[in-house]
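Take a look at the letters that make up each chain.
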Amino acid sequence: MTIFGFGWEIMTNETNYQDRQWLDPDAEPFIQLRGVTKQFGSFTAVKGVDLDIYKGELFSLLGGSGCGKTTLLRMLAGFETPTSGTIYIDGMAMNDVPPYERPVNMMFQSYALFPHMTVESNVAYGLKRDGVKKSEIAERVDAMLSMVELSDFAKRKPHQLSGGQRQRVALARALVKRPKVLLLDEPLVALDKRLREQTQFELMNIQDKLGVTFIVVTHDQEEAMTLSTRIAVMDQGQFMQIGTPTEIYEYPETKLIANFIGSVNMFEGRVVSNDDDHMLVDSVETACRFELGAVAKAEKGAKLWVAVRPEKISMSTTAPQSVGTNQIKGTVHDIGYLGNMSIYRIQLDQNGSSEGGSLVEVTVPNQVRPKDGKHAIDWDDEVYLSWHPESSVALFR
Amino acid sequence: MMTPDADNKANIQSTHSSSVAGVGSRITELFFNKIHEKWRSIVVAIPFIWLLVFFLAPFFIVFKISIAESLIASPPFSSLFDWTEEGVITVRVIFDSFLYLVEDELYLDTYLTSIRISSISTLICLLLGYPIAYAIIKSPDTTRHILLLMVILPFWTSFLLRVYAWMGLLADQGTINDLLIWLGIIDKPIRLLYSHFAVYVGIVYTYIPFMILPLYANMEKLDMTLHEAAADLGAKPMSTFFTVTLPLTLPGIIAGSLLVFIPATGEYVIPDLLGGGNVSMIGKVLYNEFNANHDWPVASAVAIALLLALVVPMMIYQHVQSKEGVS
């Protein structure tokens, strides 16, 4: 695995690993997956994955539908048994432990609240099964309901609640047992956008307060970015990359990841020179020379892709004073006005003409209002794009 | 042809165009609404009229006979209303038949036997039918349809024929006894036919689809993730069954039980053919009163009393259902 500059800095400068236990070589992972494979008939849902998750993490499994993330979560809960490999929770092998004896609780995507029970009974259900004393059950249920602000709804049945309230009942029901690990299957998918944002922060607060390890399955990259300490991006039953939201976004390891998280511009090129502090890349397509910060070893002539995020590119109507690296010229082809910012699609000049060149996406914060329906940089304007060498990433696959 | 979109546009235009056209369209709209409302009441009225004519009317006729006096005449009962010569109507209500039901222990005994046999049969149907329905739900799609078909399959043969088939199986020289003797388990035939056992076999065999089908319909709606949720919260399989599955399938259990219990209580063919003279159920008594004794008023009283005995559990069920609907 390649560790980029950002990661190295942390390793050398930080001695306190409290929030970043995965960097501490002495830290004991709380959950370990070793060569876990799950097959359904001839279909392999999860292909021999290894994973370490540490205590108190808010870990996200991110991927499209059918990538194996839900299967992995269900194996952690005990609803599916791995075809091969072992799952350890708190040092104990879980393969032969049935769901009702695991120290984990799950919040289901559909919430799976018992429709014939009141909110109170739903939350108390797990404690009753454990034979907790009646007085203690009442106390803990009350405390949990007040935490999720549902004390007034204790006597209601699930169908008398709104979607957001049901979600909170499901959360309370899973947390009241004080599990070591809370599994959340698409916890916010059934909520509308506003409620989703609010709940995201609530979830983070609760996780912070209780110190429970959260494992979240989601297909929503924005959700994963805001919630998680670390994200594992999954595709076809395997992890493509595991890292902090910043690492995944700023230092994607493959083209697939770069495309999956946010949008990105990619230019194919070949290495011209690779020194200790910078690398030069020539791109035939754009007839342009790119400069990148020091990265992995790449031999001269090696084929690679230079990836730049749309917000890292600065755009100007005036030509740069000197000709340098990371400069391309094009014409505004499209403007997407989003209010807070605008997305520009720039058609690059190709062999001196602006016809048929590839499109580059640039996002610009709207610091100035458009005047008389005209943007500061408008349709068909000729623009010059440039970016800092440290802002782009070299991708080899 | 107009696409739905174009149709919409046309509608919008008509409301925006001159007021005359607007009023015109509103009138047609009202007209169609009226028709629509009427239709709804017509559709609802048809089954009600049907029930009124073919259920309520015979009920009152039977009730009328039950409060009449038995006569050797045609019809063999006294009429309710009589015109005296002075042109006054006299109404004769005689509760002798009902009193007779209470006085003669035979009737009470038969009622109790009937209710006992049908209750036990219902219980057996439930204990057998519940796991069957659950297994059908749990089986993969293709097998599920075949299994469901097999539950309904017996209905394709005449009920009477199937009961006769059971007579052949259970008789002293029947298939089951022959098989047991051939296997060396018994030396001489054991009495299977013309016993309570045979009646139970017949009733359970005949009515078990009526238990399985409502249970199946109920379980089909059951959210299987609830079972996972229960397991996740620490419930062992047994505990999950009693705290989640059973309460949620209760409506199916009640519906199935009533569908078995009610017809089984009044069953005539099965106790007559499989029980012979050894099992007397109320259906048989009723038949005898009508055909052998020609005592129509007593027979009618037996029928009315049976109806009341069966309506009570139905009302309880209705009450429970409506309460569930409210909560």
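Along each chain, the written sequence defines residue order, and numbers are assigned to residues from 1. Throughout, the order in which chains and ligands are written sets their labels, letters from A for the former and numbers from 1 for the latter. Totals for whole chains, interfaces and linings use every residue, but because this is a predicted model, local features are given only for residues with pLDDT of at least 70 and side-chain atom pairs only at 80 or more, for both listing and counting. Side-chain measures were taken over the full set of non-hydrogen atoms in the model, leaving aside hydrogen atoms and water.

## Section: the overall build of chain B
Stage number 1. A tally of helices and strands in chain B yields 13 helices and two strands.
Stage number 2. For 327 residues, the compact-globule estimate of 2.2 N^0.38 gives 20 Å, and chain B exceeds it by more than 25% at 29 Å.
Stage number 3. For chain B, the spread of C-alpha atoms along the principal axes amounts to about 90 × 80 × 40 Å.
Stage number 4. The rule is simple: take the accessible area with a 1.4 Å probe, protein chains only, and divide by the maximum for that residue type; under 20% is buried, over 50% is exposed, in between is partly exposed. Put simply, chain B has 327 residues, and 35% of those count as buried.
Stage number 5. Throughout, a residue-residue contact means that at least one pair of heavy atoms, one from each residue, lies within 4.5 Å. Restricting the contact set of chain B to residue pairs at least 6 apart, pairs at least 24 apart contribute 68%.
Stage number 6. Working definition of accessibility: Shrake-Rupley area with a 1.4 Å probe, residue cover restricted to the visible protein chains. Accessible area of chain B: about 20000 Å², with a carbon and sulfur share of 71%.
Stage number 7. We count Lys and Arg on the positive side and Asp and Glu on the negative side, and we leave His and both chain ends out. Charged side chains are reduced to one point each, which is NZ for Lys, CZ for Arg, CG for Asp and CD for Glu. Here chain B carries 17 positive and 26 negative side-chain charges, and the mean point of each set is 10 Å from the other. Under the DSSP-based scheme used, a helix requires at least four consecutive residues in state H or I and a strand at least two consecutive residues in state E, with every element numbered from the N terminus. Values of the radius of gyration come from C-alpha atoms, whereas the globule rule sets the reference at 2.2 Å times the count of residues to the power 0.38.

## A short note on the interface of chain A and chain B
Stage number 1. The interface is formed by 24 residues belonging to chain A together with 20 residues belonging to chain B.
Stage number 2. Joining two parts hides part of their accessible area as seen by a 1.4 Å probe, and the buried area is that hidden amount summed over both. When the two sides are added together, the surface that chain A and chain B hide from each other amounts to roughly 1800 Å², 62% of it contributed by carbon and sulfur.
Stage number 3. One speaks of a salt bridge when a side-chain nitrogen belonging to Lys or Arg is within 4 Å of a carboxyl oxygen belonging to Asp or Glu. The interface formed by chain A and chain B holds one salt bridge in total.
Stage number 4. For the purposes of these results, a polar contact is taken to be a pair of N or O atoms within 3.5 Å, where, inside protein, one atom must be able to donate a hydrogen and its partner to accept one; residues adjacent in sequence count only when each atom of the pair is a side-chain atom. The interface formed by chain A and chain B includes eight residue pairs in polar contact (both at pLDDT 80 or more).
Stage number 5. Elements represented by at least two residues in the side of chain A that touches chain B include exactly α2 (69-77), β6 (104-107) and α3 (119-129) of chain A.
Stage number 6. Residues that form the side of chain A that touches chain B fall into these classes: 13 nonpolar, five polar and six charged. Under this grouping Gly is polar, as are all residues other than the nonpolar Ala, Val, Leu, Ile, Met, Phe, Trp, Tyr, Cys and Pro and the charged Asp, Glu, Lys and Arg.

## Concerning the sheet that holds strand β9 (residues 230-235) of chain A
Picture the strands of a sheet paired through backbone hydrogen bonds; they go either parallel or antiparallel.
Residue and element names in this part refer to chain A.
Stage number 1. If you walk across this open sheet you meet the six strands as β6-β7-β8-β3-β9-β10, and the pairing is mixed. The sheet is open, and its two borders are formed by β6 and β10 (238-243), each paired with just one other strand. Taken pair by pair, the neighbouring strands of this sheet meet at an average axis angle of 20°, ignoring direction.
Stage number 2. Two strands qualify as a pair provided DSSP detects at least 2 bridges between them. Summarising the sheet, β9 and β10 pair through five bridges and their orientation is antiparallel. What sits directly across from Ile231, in β10, is Gly243.
Stage number 3. Only C-alpha atoms enter the line fits that serve as axes; for helices the fit covers just the stretch in contact. Angles between N-to-C directions range over 0 to 180 degrees. Contacts from helix α6 (residues 193-210) reach β3 (58-62), β7 (181-185) and β8 (213-218) within the one sheet, and its direction differs from that of β8 by about 155°.

## What to know about unusual backbone geometry
Residues and elements named next belong to chain A.
Stage number 1. We note that Glu186 has phi near 45°; this positive angle belongs to a residue other than glycine.
Stage number 2. Tracing the backbone through its elements, the reader meets Glu186 in the loop between β7 and α6.
Stage number 3. On the accessibility criterion, Glu186 (6% relative accessible area) is buried.

## Focus on a nonpolar patch on the surface
Stage number 1. Among the surface-exposed residues, Ile49, Trp50, Leu51, Leu52, Val53, Phe54, Phe55, Leu56, Phe60 and Phe63 of chain B lie close enough to one another that they form a single nonpolar patch of about 1000 Å² accessible area.
Stage number 2. In this fold, Phe60 of chain B is placed in helix α2 (residues 19-66). Surface patches are defined over residues having more than 30% relative accessible area and no salt bridge, joining like charges when they lie within 9 Å and nonpolar side chains (Val, Leu, Ile, Met, Phe, Trp, Tyr) when within 5 Å.

## Quick look at the packing of aromatic side chains
Stage number 1. In this scheme Phe, Tyr and Trp rings, the latter by its six-membered ring, pair at centre separations within 6.5 Å, and the angle between planes marks the pair as stacked below 30 degrees, edge-to-face above 60, and tilted otherwise. Applying the stated criterion to the full structure yields 18 aromatic pairs over all chains.
Stage number 2. A positively charged side chain is recorded as over a ring if its NZ (Lys) or CZ (Arg) lies within 6 Å of the ring centre. The angle to the ring normal must also be within 35 degrees. Taking the ring centre of Tyr125 of chain A as reference, the NZ or CZ of Arg129 of chain A above it sits at 4.4 Å.

## Side note on the domain arrangement of chain A
Residues and elements named next belong to chain A.
Stage number 1. Domain delimitation in this document rests on an assignment produced automatically or drawn from a domain database. Split by domain assignment, chain A resolves into domain 1 (5-103 + 179-259) and domain 2 (263-395).
Stage number 2. When each unit is reduced to the centre of its C-alpha atoms, the spacing between domain 1 and domain 2 is 34 Å.
Stage number 3. Looking only at domain 1, the three residues that lose the most surface to domain 2 are Tyr249, Lys255 and Ala258, adding up to 60% of its buried area.
Stage number 4. Scanning the region where domain 1 abuts domain 2 turns up one salt bridge.
Stage number 5. A salt bridge links Lys312 to Glu250; the shortest N-O distance between them is 3.1 Å.
Stage number 6. On the surface where domain 1 and domain 2 come into contact, there are four residue pairs in polar contact (both at pLDDT 80 or more).
Stage number 7. Among the elements of the structure, α8 (245-250) and α9 (255-260) are those that each provide at least two residues to the side of domain 1 that touches domain 2.
Stage number 8. Looking at side-chain class alone, the side of domain 1 that touches domain 2 contains five nonpolar, two polar and three charged residues.

## Observations regarding the nonpolar core
Stage number 1. Definition of nonpolar core: a set of buried residues of the types Ala, Val, Leu, Ile, Met, Phe, Trp, Tyr and Cys, connected through side-chain atoms within 4.5 Å. Grouped together as the largest cluster of nonpolar side chains are 44 residues, with contacts concentrated most on Ile31, Leu33, Leu61, Leu72, Phe114, Leu183 and Ile215 of chain A.
Stage number 2. Beyond its immediate chain neighbours, meaning those up to four positions away, Leu183 of chain A contacts Leu73, Leu76, Ala77, Val104, Asn105, Met106, Met107 and Ile215 of chain A.
Stage number 3. Among the nonpolar cores identified, the runner-up in size contains 37 residues, and Cys125, Val204, Ile212 and Val279 of chain B belong to it.

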